[in-house]
Structures are given as C-alpha cells and as structure tokens.
Amino acid sequence: MSRTGRQRLARIALVLAALGVLVAAPLWLAGRDEPQVRASLVALAGDPEGYRRAEGPASLAFPTDYGPHPDYQNEWWYYTGNLQAPGGEHFGYQLTFFRRALVPPGDRVERPSAWATDQVYMAHLALTDVAGGRFHAFERFSRQGTGLAGARSSPYAVWLEDWSVEEVEAGTVRLRAAQGDVALDLLLADTRGPVLHGDQGYSPKGSEPGNASYYYSQVRLETAGSVRIRDQAYDVTGLSWKDHEWSTSSLGTGQVGWDWFSIQLDDGSALMAFQLRREDDSIDPYSSGTFVAPDGTARHLAAGDVEIRSQDTWRSPKTGSVYPARWTVSVPALELEVEIAPYLAAQELVVTYTYWEGAVRVEGQRAGRPVAGSGYVELTGYTGSMRGRF
C-alpha cells in the first residue's frame, strides 16, 4: 500500500473513532473538561490534505452560497446584533454555527447507518444584558447525522438541534435559540443583499496558496422579535449582521489570531475590518476590510487603508487573558473616524476555544458630520494561537 493510502486509512480510522465518541458523548463527557475533549475531537480531522481550498476569485451565487460548502474543511455562519426594548434596555446577541468536515471529499464512503456523517457542527449562543450587567454564553456540539445539525441552501436554513436560522420568505429569516435563562426569537429582514469582501468574495489571509476564504456579509438586517431573560420577556427591535465564510486553511505561518469589527452607523453606512495579528504582535499585511455606503455600494479596504488603535485593555478574571478594550478606528480616505467601546467589559466566551466577542457602541465623524451606531467586535488568539483550529 502506498504512503498516501496508509495516511488515508489512518485518517479514516481516527475520524470513525471520533464519530463513535460523539455518539456516546452524553455518557462519557460527564465530569470531564468538555471544551478540552471537544477540541481534541475536532483536531482528529485537522489534516487539510484532500479538501478544496479558496485559491482565487469565484462567482458566488445566491441563494446557493447561503448554504453549506462541505468540500471545504471549515465554515461558519455568524449572526450578531444590537437590540433595544421600549423601556430603554439594550441587548447584544450572538448566534453562530460552525461546520467542520471530518473526511476529505475523496475519502468519503456511503454507509447505511442514519448516524453516519462526515460533518460535525458546533454552535455558540450569547446574550449581553447591558442593564442587568450580565453576559450569558452557551455552546453546543453535534454531528450532522440523523439531522441533529446541518445547513441547506433552499429554503435556506442552518441549525443545531433546536437552535436555528430558517428562511420564512425571500430575504427574511427567523432566528430561534434558547438555553438556561435566555431565549431569542427574532425576524431578520435583509435590506441590502450580500456584500462580497476582498476580490469578489475571495479574501486572502496570507501568501501561502489556499490560505484564504470565501467571505460575504449581510450588513443591515432589520430585526424585530423577543428576548427572554429568566421569566422576563422583552419586545425588541434593532439591527443584525450576518457573516458567512468558508475555507480550508485561512491562517498562515506566524499568524495567531484576529481582531474583527462590524460597525453599523446611523447614516446608513457600515464598516467591516479585521486585523490579523502575528506572533510578534505586529499586524499582518493581509488584514483588510470593506466600507458599505448608505446606497449599498461596497469599497474594498487594504491593510493600510484602515487604522485601528487600542486605547485600553481588560483582563479576564476567568482566564487571565488580556484583551484590548476600547479602540479608535479611522479610514482617512473616507474621512471616517470613530471611537468604539464595549457595552460591557466582560463578554468573553469560555468555550471550546476561548475568545472575546461582544456588543459595542460607536461614536465619531464621517465627512465632517457626527455619526453614531453600534456593532460587534471579535478578538481571538489571546488565549493561544488560532492557527489550525476549528
């Protein structure tokens, strides 16, 4: 048998072991360090050999590309938003679904069991209760087999058990999730259509071939529905943001994580920007962003077009990690400069891979006029490198 054949057999054996473990997970996870165990399971399928890669611009097509891309190793659908209740209460929320392929396309075989699967899903639910000063975060993990988790293009849906986002009519989805003391039931209506980042949706993250993703956002989702905390329900309205990204290898040598910003301003404009951080704390030249004008016109921003300056730090009492906590973000060519501050300092998700993701308030100027708004910030790699992770 060839060396490649032996590698494939070994990889398949590891994946089959992982799938068997996932079936028995409720029994053997009890009393163990669940995030560490789950991270180990995902790592069993960590070899990127055999998966498709993002290697250049592609013609993204919708609604097809709203759905899954199972031949790529990683994929995520990110929903975040800022919501207000009539009494003035402010809430931030996050509902995120991650897909991880366990077996490359060429190694997949048909198996009769309904439990058989070559995809595993992880999901995160978080709610920031600003008035109550509390941050709630939860994680779930499941296989695609038997329909426990999955995604589809038409009608669009992505789900993990009873956490779900489902299309209810063209351009509108219903988001539902509940666990512990919190529940969300929201309708999100897209007012702009998909915004393609990078070069027609092709977003390079490094110089190595394939260290890139396909990436688009829906930057202005008008949102209405309800938020429940314990036995108190709130009618809410606001704005949500969706990111959808798929890749096989998106971080290169020396890159450890990223700082990602989504900003929605009251003049109708929006900004996405990310900084890729390196081991020496420098900013990678493959960092980039996109500015979306009020009329929906998108402008690509290279690393040198966006200046992000941290103004403060916050140390997590749970993990001891130190995160940036306030920022000045400017785009000189657009005469845009804003100050960004978290609604709450403690918005760290201590889950399989610990990271900070939270609701932020925004104030500043664009073209000499005052602007304000809100958004979300994600900070990864502060508790260990994200290279090669889920």
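Criteria and cut-off values
- Residues numbered from 1 in each chain as written.
- Predicted model: local features only at pLDDT ≥ 70, side-chain atom pairs only at ≥ 80, totals over all residues.
- Heavy atoms only, no water.
- Helix = DSSP H or I, 4+ residues; strand = E, 2+ residues; numbered from the N terminus.
- Buried < 20%, exposed > 50% of the residue type's maximum accessible area, 1.4 Å probe, protein only.
- Contact = heavy atoms within 4.5 Å.
- Areas by Shrake-Rupley, 256 points an atom, 1.4 Å probe, with all protein chains shown as cover.
- Pairing = 2+ DSSP bridges.
- Salt bridge = Lys/Arg side-chain N within 4 Å of Asp/Glu carboxyl O.
- pLDDT = per-residue confidence, 0-100.
- Phe/Tyr/Trp six-rings, centres within 6.5 Å; stacked < 30°, edge-to-face > 60°.
- Core = buried A, V, L, I, M, F, W, Y, C linked by side-chain atoms within 4.5 Å.

Q: Before we go on, may I ask you to explain the overall build of the protein in this structure?
A: The secondary structure content of the protein amounts to 3 helices and 23 strands. Taken over 390 residues, the protein has a buried fraction of 54%. Counting only contacts in the protein whose residues sit at least 6 apart along the sequence, the fraction spanning at least 24 positions is 58%. As presented, the protein carries roughly 16,200 Å² of accessible surface, and 50% of it is formed by carbon and sulfur atoms.

Q: In this structure, what is going on with the pairing of strand E20 (residues 336-342)? I would like to understand it.
A: In the case of a regular strand, side chains alternate between the two sheet surfaces. Here E20 shows one buried face, formed by Leu336, Val338, Ile340 and Pro342, and one open face, formed by Glu337, Glu339 and Ala341. Between strand E19 (residues 322-331) and E20, which pair antiparallel and follow one another directly, the connecting turn spans 4 residues, one of which, Glu335, has a positive phi of 55°. Alignment of E20 against strand E22 (residues 355-366), held across 7 bridges, turns out to be antiparallel. Considered in E22, the bridge of Leu336 is made with Arg366.

Q: Even after reading the chapter, I still don't get the environment of Ser154, so can you show me in this structure?
A: Note that Ser154 resides in the loop between strand E5 (149-153) and strand E6 (156-160). Ser154 gets classed as exposed once you look at its relative accessible area, which sits at 62%. It is 8.5 Å that separates the C-alpha atoms of Ser154 and Glu167, two residues lying 13 residues apart in sequence.

Q: Any chance you could explain the pattern of salt bridges here in plain terms?
A: Pairing between side chains of opposite charge can happen when their charged atoms approach one another. For the structure on display, the rule yields 11 salt bridges. With its nearest N and O atoms 3.2 Å apart, the salt bridge here joins Glu166 to Arg176. Here Arg176 lies in strand E8 (residues 172-179) and Glu166 lies in strand E7 (residues 163-169), a separation of 10 residues in the sequence. For Glu166, a relative accessible area of 29% puts it in the partly exposed group. With a closest N to O distance of 2.7 Å, Asp284 and Arg278 form a salt bridge. Arg278 sits in the partly exposed class, given a relative accessible area of 26%.

Q: Help me understand the confidence of the model for the protein in this model?
A: Here the protein averages 87 in pLDDT, while 85% of its residues score no lower than 70. Scored below 50 in pLDDT, residues 1-33 shows 37 contacts in the model against residues more than four places distant or in partner chains.

Q: Can you walk me through the packing of aromatic side chains in this structure?
A: Scanning the model with the defined rule gives 16 aromatic pairs in all. Seen from their ring centres, Phe261 and Trp327 are 5.5 Å apart, and the 85° between their planes marks the pair as edge-to-face. Placement of the pair is Phe261 in strand E14 (residues 255-265) and Trp327 in strand E19, with a sequence separation of 66 residues. Of the two residues, Phe261 and Trp327, neither departs from the other in class, the shared state being buried.

Q: What's the story with the pairing of strand E15 (residues 270-278) in this structure? I'm lost.
A: With 8 of its 9 residues buried, E15 lies for the most part within the structure. The loop that links E14 with its antiparallel partner E15 comprises 4 residues; one of these, Gly268, has a positive phi angle of about 90°. Pairing of E15 with strand E16 (residues 288-292), which is carried by 5 bridges, proceeds in the antiparallel orientation. Bridge pairing in E16 places Met272 opposite Thr290.

Q: What exactly am I supposed to notice about unusual backbone geometry here?
A: The general pattern is negative phi for most residues beyond glycine and trans for most peptide bonds. Phe62 connects to Pro63 through a cis peptide bond whose omega is 20°. As for its position among the elements, Pro63 is in the loop between helix H3 (34-43) and strand E1 (74-84). For the bond from Ser154 to Pro155, the omega torsion is -10°, close enough to zero to count as cis. Tracing the backbone shows Pro155 in the loop between E5 and E6. Here Arg230, not a glycine, exhibits a phi torsion of approximately 55°, which is positive. With respect to the helices, strands and loops of the structure, Arg230 is situated in the loop between strand E12 (212-229) and strand E13 (232-247). Overall, Arg230 belongs to the partly exposed group, its relative accessible area being 41%. Positioned with a positive phi, Glu335 is a non-glycine residue whose angle comes to about 55°. Structurally, the position occupied by Glu335 is in the loop between E19 and E20. The class for Glu335 is exposed, based on a relative accessible area of 55%.

Q: In this structure, what is going on with the nonpolar core? I would like to understand it.
A: The tendency in soluble globular proteins is for nonpolar side chains to be buried side by side. Counting residues in each nonpolar core, the largest one holds 41 residues, and the members touching the most others are Tyr93, Phe97, Val165 and Leu175. Sort the elements by how many residues they give to this core and E12 lands first, with 6 residues. Excluding residues that lie within four positions of it along the chain, Leu175 makes contacts with Tyr79, Tyr93, Leu95, Ser164, Val165, Leu184, Asp185, Leu186 and Leu188. In this structure, Val306, Leu334, Leu336 and Ile340 belong to the second largest nonpolar core, which totals 26 residues.

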